[in-house]
Amino acid sequence: MKPRFVIVTLVILALAIPAMMLAQQSKAEKEVQATLEQLRQANVKGGAEGAAIFDKYLGDDFLRILNRGVYTKAETLEAIRTGKQHTESQDLTDVKIRIYGNTAVATGVLNAKSAGPLAASDTLAATHSRFTRVFVKRGGIWQCVLFQTTLIAAPTSAQATGKDAPPSYVANPANYKVIGENDLFRVILETKPVGFRDVLHSHLDSAVYLLTDCHQRTYLPDGNTREGTREKGSVVWQAAMAHSTENIGTSECVMVLVERK
Amino acid sequence: MKPRFVIIALVILALAVPATMLAQQSKAEKEIRAVVDEIQKGYLKGGVEAAAVLDKYYADDYIGIRGDGKVLTKAQEMEAYKSGAIKYAKNEFKDLKIRVYGRSAVSTTLSFSDNVRNGKRFSGTTRSARFWVKQDGGWKCVYYQTTRVLD
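Please read all numbers here as calculations on a predicted model, not as lab measurements.

Caption draft 1: Region of interest: the overall build of chain A. Helices and strands together make up the secondary structure of chain A, namely five helices and 15 strands. Among the 261 residues that make up chain A, the fraction classed as buried is 33%. In chain A, the proportion of contacts linking residues at least 24 apart, taken out of those at least 6 apart, comes to 66%.

Shown next as structure tokens:
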């Protein structure tokens, strides 16, 4: 074999191999992008149709990590199929896909309006989260083995939001009464009847002592909501913030707040 | 070649291949477990020691998603430890699960942390996931995401 021929062959190979790898990478990215879209549509479709798509594109070892807990593939399919999980809208932005052989990581921002066990709340709420999906290629299909979301904190800090919203006892004087204060602390008695939702207000850093069981829904300035139950006699620490709360329990909710000035 | 010999050879292969794969899986899990442990210890040490651990085990294209949804690159996270902007008082993890997919892996943990980031204290439970890729003979973390667990 002539040396010139060998050199030309090597040069062609040196150029061709990276080009082929890039083409494969690009093909894989397109496939993962298409799978993300299938999963997005499955969320919105819901029911048996949505569950069938999830069944195809979720690995049997799939895990969904949310702030409310961890869910398996079976739990995800069940919530979708039965309609317990309802997604009114969902869109993905800032999506980035990285391919590592037969595995891939997709990250981005997920804006959703949804309700159910797989959402941030059981009632319809708009959320803005960072998401990650990890995919593994199996049998020619990119299957999702991990899905995780993290709620993005409101753009304004709790302190800044507190500046905008009036104090609780100003916004809702009938339900938040100042029962004592000095230069360092303010003590507030909060009383909320069943079904009552107060007006958006702010709190300073505070310790809260529950005088009754309280089952509340909290509405945050960024549109997110969350629900929780606090037991009578418990103490909760909360950083300065603004919110509106609703008593969704079956009895009056009473607590004492000690705010640090 | 005698048929009996061929059958015996096939049986040995059929037993040996899954056993080898399992051994490799188990080896990878042990390696990742050791790296996770070292990273967690690094967090607690803080400062330049933490930054050195991250430099060793984070891939150059690492992306970290913190509990408030903020995104940090490897350089930003290392700088935050070096400058003291991130300090851990406590960082305990449990329920470490590792799944290996050839030269990639996913690990998940449940952690209790007490830390200060840019003057803001966070004390609570988080669930975190890491995605690992084997590079240059070692496991490198290319993605980390943490989600605060609601009470």
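Caption draft 2: Representation of the packing of helix α2 (residues 47–57) of chain B against helix α3 (residues 74–82) of chain B. Residues and elements named next belong to chain B. Across the interface, α2 lies against α3 with an axial gap of 7 Å and an inter-helix angle of 160°. Between α2 and α3, the crossing angle belongs to the class labelled roughly antiparallel. Seen from above, α2 lies across α3 with right-handed handedness. For the pair formed by α2 and α3, the contact residues are Gly47, Val48, Ala50, Ala51, Leu54 and Asp55 on the first element and Lys74, Glu77, Met78, Tyr81 and Lys82 on the second. Of the residues contributing to the contact of α2 with α3, the split by class is six nonpolar, one polar and four charged.

Caption draft 3: Broad picture of the packing of helix α2 (residues 47–57) of chain A against helix α3 (residues 73–82) of chain A. Residues and elements named next belong to chain A. Contact pair α2 / α3: the axes reach a minimum separation of 7 Å and the direction vectors enclose 160°. When the axis of α2 is compared with that of α3, the two are roughly antiparallel. The way α2 lies across α3 gives a crossing that is right-handed. Across the interface between the two elements, Gly47, Ala48, Gly50, Ala51, Phe54 and Asp55 from α2 touch Thr76, Leu77, Ile80 and Arg81 from α3.

Caption draft 4: Fine view of the interface of chain A and chain B. Contacts between chain A and chain B engage 29 residues on the former and 27 residues on the latter. Contributing elements (two or more residues each) for the side of chain A that touches chain B: β1 (58–66), β3 (86–100), β4 (103–115), β5 (125–138), β6 (141–151) and β12 (225–230) of chain A. Examining the composition of the side of chain A that touches chain B, we find that six residues originate from one element, β6 of chain A, more than from any other. Of the residues assigned to the side of chain A that touches chain B, the class counts are 13 nonpolar, eleven polar and five charged.

Caption draft 5: Fine view of the environment of Ile53 of chain A. Residue and element names in this part refer to chain A. Mapped onto the elements, Ile53 comes out in helix α2. Along the chain, Ile53 and Leu39 lie 14 residues apart, while their C-alpha atoms are 7.0 Å from each other. Residues in contact with Ile53, not counting those within four places in the same chain, are Gln38 and Ala42.

Caption draft 6: Focus on the sheet that holds strand β13 (residues 235–238) of chain A. All names here are of chain A. Within the open sheet, the five strands sit side by side as β7-β8-β15-β10-β13. Their pairing is antiparallel. Only two strands of the sheet have a single partner each, and these edge strands are β7 (176–181) and β13. Strand after strand, the sheet turns through a mean of 25° between neighbouring axes, direction not considered. Where strand β10 (residues 206–210) and strand β15 (residues 253–260) come together, five bridges link them in antiparallel fashion. The residue bridging Val208 from the neighbouring strand is Leu257, located in β15.

Caption draft 7: Seen up close, the confidence of the model for chain B. All names here are of chain B. Per-residue pLDDT for chain B averages 88, and the proportion of residues at 70 or more is 92%. Predicted confidence in chain B is weakest over helix α1 (residues 3–45), with a mean pLDDT of 81, and strongest over α2, with 96. Here the predicted complex carries an ipTM of 0.84, next to a pTM of 0.68.

Caption draft 8: The arrangement of unusual backbone geometry in detail. Despite not being glycine, Asp94 of chain A has its phi angle at roughly 55°, a positive value. Looking at the secondary structure, you find Asp94 of chain A in strand β3. With 10 C-beta atoms packed within 10 Å, Asp94 of chain A lands in the exposed category. Its identity is not glycine, yet Asp136 of chain B carries a phi of approximately 50°, on the positive side. Looking at where Asp136 of chain B falls in the secondary structure, it is placed in the loop between β5 (120–135) and β6 (138–148).

Caption draft 9: Representation of the nonpolar core. Residue and element names in this part refer to chain A. Counting 64 residues, the largest nonpolar core has Val32, Ala104 and Phe135 as its most contacted members. Sequence-distant contacts of Phe135, defined by excluding residues within four places in its chain, comprise Val32, Thr35, Thr103, Ala104, Ala106, Trp142, Gln143 and Cys144. Core analysis: the second largest hydrophobic core is formed by seven residues, Tyr169, Tyr176, Cys253 and Leu257 among them.

Definitions and limits used
Residues numbered from 1 in each chain as written. Chains lettered and ligands numbered in written order. Predicted model: local features only at pLDDT ≥ 70, side-chain atom pairs only at ≥ 80, totals over all residues. Helix = DSSP H or I, 4+ residues; strand = E, 2+ residues; numbered from the N terminus. Buried ≥ 20, exposed ≤ 12 C-beta atoms within 10 Å, placed from the backbone. Contact = placed C-beta atoms within 7 Å. Axes fitted to C-alpha atoms, helices over the stretch in contact; angles between N-to-C directions. Parallel < 35°, antiparallel > 145°, perpendicular 65-115°, else oblique. Left-handed = near helix turned anticlockwise from the far one by under 90°. Nonpolar A, V, L, I, M, F, W, Y, C, P; charged D, E, K, R; others polar. Pairing = 2+ DSSP bridges. pLDDT = per-residue confidence, 0-100. Core = buried A, V, L, I, M, F, W, Y, C linked by C-beta atoms within 7 Å.

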